[in-house]
Amino acid sequence: MQGLMQEQQLLISMLLKHAERHHSDTEIVSRRVEGDIHRYGYADMARRARKLANALDRAGLAEGDRVASIAWNGYRHMELYFGVSGSGRVMHTINPRMHPRQITWVINHAEDRVVCFDATFLPIVQAVHANCPTVRHWVLLCDADALPPDSGVPGLISYEAWIGGETDTYNWPQLDEHAAAGLCYTSGTTGDPKGALYSHRSTILHAYAGALPDAIGLGAADAMLPVVPMFHVNAWGLPYVAALVGCKVVFPGPAMDGKSLYELMEAEKVTFAAGVPTIWQMLLTHLQDNNLKFSTLQRTIVGGSALPAAMQRTFEDEFGVAAIHAWGMTETSPLGSVARLKNRQLDLPEEEKRRILNTQGRAIFGIDMKIVDDDGNEQPWDGKAFGDLWVRGPWIASAYFKSDQNPLKTDQDGLSWFPTGDVATIDPDGFMHITDRSKDVIKSGGEWISSIDIENVAMSHRGVAMAACIGMPHPKWGERPVVAVVRKPDADVTREQILALYSDKLAKWQIPDDVVFVEEIPLGATGKMQKRKLREQLKDYSLPDLQDL
Ligand code: ADP
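Residues numbered from 1 in each chain as written. Predicted model: local features only at pLDDT ≥ 70, side-chain atom pairs only at ≥ 80, totals over all residues. Heavy atoms only, no water.

## Quick notes on the site of the ligand
Short version of the rule: A single heavy atom is enough: if one lies within 4 Å of a molecule or strand, its residue is considered near that molecule or strand. Under this definition, polar contacts are N or O atom pairs within 3.5 Å; protein pairs additionally need one hydrogen-donor-capable and one acceptor-capable atom, and for neighbouring residues in sequence, both atoms have to be side-chain atoms. In this description, accessible areas are obtained by the Shrake-Rupley approach with a 1.4 Å probe, and a residue is regarded as covered only by the protein chains that are shown. Secondary structure is summarised from DSSP: a helix means a run of H or I of at least four residues, a strand means a run of E of at least two, and numbering begins at the N terminus for each. In this count, Pro and Cys sit with the nonpolar residues alongside Ala, Val, Leu, Ile, Met, Phe, Trp and Tyr, while Asp, Glu, Lys and Arg are called charged and the others, Gly among them, polar.
Around the ligand, 17 residues are found, and the nearest of them are Ala326, Thr330, Gln360, Asp422 and Arg437. Contact between the ligand and Thr330: an oxygen atom at 2.7 Å from a main-chain N or O atom of the residue. In isolation the ligand exposes 570 Å². Once the protein is present, 92% of that is buried. Tallying contributions element by element places strand 14 (residues 322–328) first for the shell around the ligand, with 4 residues. Split into classes, the residues belonging to the shell around the ligand amount to 4 nonpolar, 10 polar and 3 charged.

## A look at the side chain of Thr330
Quick reminder of the rule: Relative accessibility thresholds used throughout: buried, under 20% of the residue-type maximum; exposed, over 50%; partly exposed, between the two (1.4 Å probe, protein chains only). Whether two residues are in contact is decided by their heavy atoms: any pair within 4.5 Å suffices.
Within the secondary structure layout, Thr330 lies in the loop between strand 14 and strand 15 (335–338). Given the relative accessible area of 9%, Thr330 is considered buried. For Thr330, the residues in contact, after removing those within four places along its chain, are Cys184, Tyr185, Thr186, Ala196, Tyr198 and Val233.

## Concerning the sheet that holds strand 14
Rules: Criterion used throughout: strands pair if DSSP finds at least two bridges between them. With axes taken as lines fitted to C-alpha atoms, and helix axes fitted only over the stretch in contact, angles between N-to-C directions fall between 0 and 180 degrees.
Spatial ordering of the open sheet is given by 2-1-11-10-12-13-14-15-16, a layout of 9 strands whose pairing is mixed. Of all the strands in the sheet, the pair left with one neighbour each is strand 2 (37–41) and strand 16 (362–363). Where helix 10 (residues 258–267) meets the sheet, its contacts fall on strand 1 (27–31), strand 2, strand 10 (223–226), strand 11 (248–251) and strand 12 (272–275), and the angle it forms with strand 10 comes to roughly 165 degrees.

## Description of the pairing of strand 14
Operational definition: Whether a crossover is right-handed depends on one test, that the path from the first strand over the helix to the second runs clockwise when the strands point away from the viewer.
The element strand 14 is extensively covered by neighbouring structure, given that 5 of its 7 residues are classed as buried. Direction of pairing for strand 13 (residues 299–302) relative to strand 14: parallel, over a ladder of 4 bridges. Paired with Arg299 across the strands is Ala322, a residue of strand 14. Handedness of the crossover is the feature at issue here: the chain leaves strand 13, passes through helix 12 (residues 309–319), returns alongside strand 14, and the resulting connection is right-handed. Here strand 14 hands over to strand 15 after 6 residues, with Ser333 in that stretch at a positive phi of 75 degrees.

## Quick notes on unusual backbone geometry
Following Ser333, the chain continues into Pro334 via a peptide bond in cis, with omega recorded as 5 degrees. For Pro334, the position within the fold is in the loop between strand 14 and strand 15. A positive phi angle, close to 55 degrees, is found at Glu111, a residue other than glycine. Locating Glu111 in the fold gives a position in the loop between helix 4 (100–110) and strand 5 (114–117). When its relative accessible area of 29% is taken as the criterion, Glu111 is described as partly exposed. Positive phi is not limited to glycine here, since Trp236 has a value of about 60 degrees. As for its position among the elements, Trp236 is in helix 8 (residues 233–236). Residue Trp236 is classed as buried on the basis of its relative accessible area, which comes to 9%.

By themselves, these figures tell us nothing about what the structure is for.
Listed below in structure tokens is the structure:
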């Protein structure tokens with residue numbers, strides 16, 4: 001027997017219509033590339049998204065055609081998100097931190113028809129346009145009179161001129177909810193980038209789940225500042241969640257330094273922000289150096305790489321801000337798990353609560369996860385057993401765009417799972433703790449050592465700006481951990497001081513054999529430490545005298 005509820009496809013245009021009707025004058029504030037502050041309401045955003053949809057029709061783009069962006073977080077980028085996907089095209093967000101060679105590769109692989117970009121990225125477009133034959137229009141996200149006279153990009157148009165003459169009425173098409181809506185390539189640290197292709201349905205379900213109190217937890221009373229870029233997994237889906245709940249949105253544009261972020265947060269009374277640990281480090285340093293406090297910020301979601309326990313404590317103790325740890329990846333849209341306490345954990349000792357909140361958290365509704373050994377056998381949720389983390393759910397990738405490779409694994413019950421490439425433990429309450437990327441795991445004497453745990457301890461020293469732990473070949477143990485440390489400016493922290501931190505925190509055999517000080521740790525396009533490069537950098541390094549373990 002069938003239920004008797006209305007049949008309605010879950011479409012991105014629904015979010016736009018809802019936000020326009022119910023939150024028409026709720027503000028979307030953007031720091032523009034031009035340096036000034038732009039503000040308007042959801043109704044203006046929706047109106048301009050319709051103009052954009054008309055421009056795409058006029059340009060002859062068919063349903064499913066890809067429109068790319070190379071842009072900072074801002075209102076025009078938001079219009080693209082809704083106008084492109086809402087009208088049935090696919091929004092392809094390009095990470096400008098990729099090498100131009102890779103950018104050319106993804107534009108050609110995606111067969112983008114239109115590329116919209118911020119002025120900051122004109123040099124990238126100048127470098128790649130001649131090798132991108134599928135692109136019919138290069139659109140500079142700028143005012144009509146701001147187009148550079150000799151850009152060297154044939155047919156370059158300004159976004160405002162492009163959409164300016166269009167009408168602001170548009171009938172959003174009734175698409176199949178399974179139709180593609182967004183395309184985002186992984187950064188390709190191993191091999192060519194791979195395209196995760198999100199659907200309308202996956203995007204809406206992800207936004208619903210993401211908005212829940214134990215996930216991102218947003219409401220119409222919030223003012224959200226996504227520091228996480230819109231070119232990186234759709235800014236963790238935050239633009240969609242924003243339209244769903246109708247919160248105020250504050251876009252930082254290109255100004256991601258601590259001072260600019262802080263000033264924007266204060267001026268716009270931001271209550272919630274989201275970003276990767278490296279950004280927060282800069283922001284916190286700015287506050288500490290200048291003796292500042294947040295007056296409205298309540299919560300931050302931190303993910304993309306492990307949130308150092310020391311940073312979480314600083315947020316909480318010095319600034320009264322909850323730093324909420326979350327985990328995800330491009331292929332998981334990205335929200336997979338968020339660390340939030342259960343009711344019965346509220347009475348636990350403070351230190352225990354902090355330990356739980358520093359895990360990558362519990363799977364949010366819609367996501368199923370498990371850890372398995374090398375043969376695919378499920379490992380117990382005892383907080384000790386390590387395993388490869390597998391996930392499944394309606395916003396988890398089933399395949400890559402235009403790729404024959406099947407990324408999925410099938411378990412004994414015939415269910416398909418996405419192997420994340422992360423190694424984790426899960427405790428009896430379901431709190432998942434990532435110990436490593438599988439390729440970064442350190443195996444010493446047959447036992448796994450968590451490089452993330454080692455980095456976390458090093459980061460707890462005030463003089464340490466960044467720490468990366470890698471395994472070094474060892475004749476007896478296979479590998480031994482060594483931690484590379486970047487000192488904070490003017491800090492004189494020593495090897496011995498760092499090693500001393502470990503004695504009461506890790507078992508003796510887990511303590512790194514050495515600390516090497518480096519000028520910087522190589523970061524990839526998404527701000528993650530590139531340990532492969534670090535290993536190359538340290539190829540002439542050899543372990544100190546072999547120790548008796
Ligand atoms: P890419 O794979 O392109 O580098 P992603 O953003 O998809 O970029 O990276 C996903 C990976 O980032 C995860 O598989 C995991 O290794 C790491 N990651 C994300 N969030 C966390 C977190 N909270 N703690 C530890 N690692 C994380």
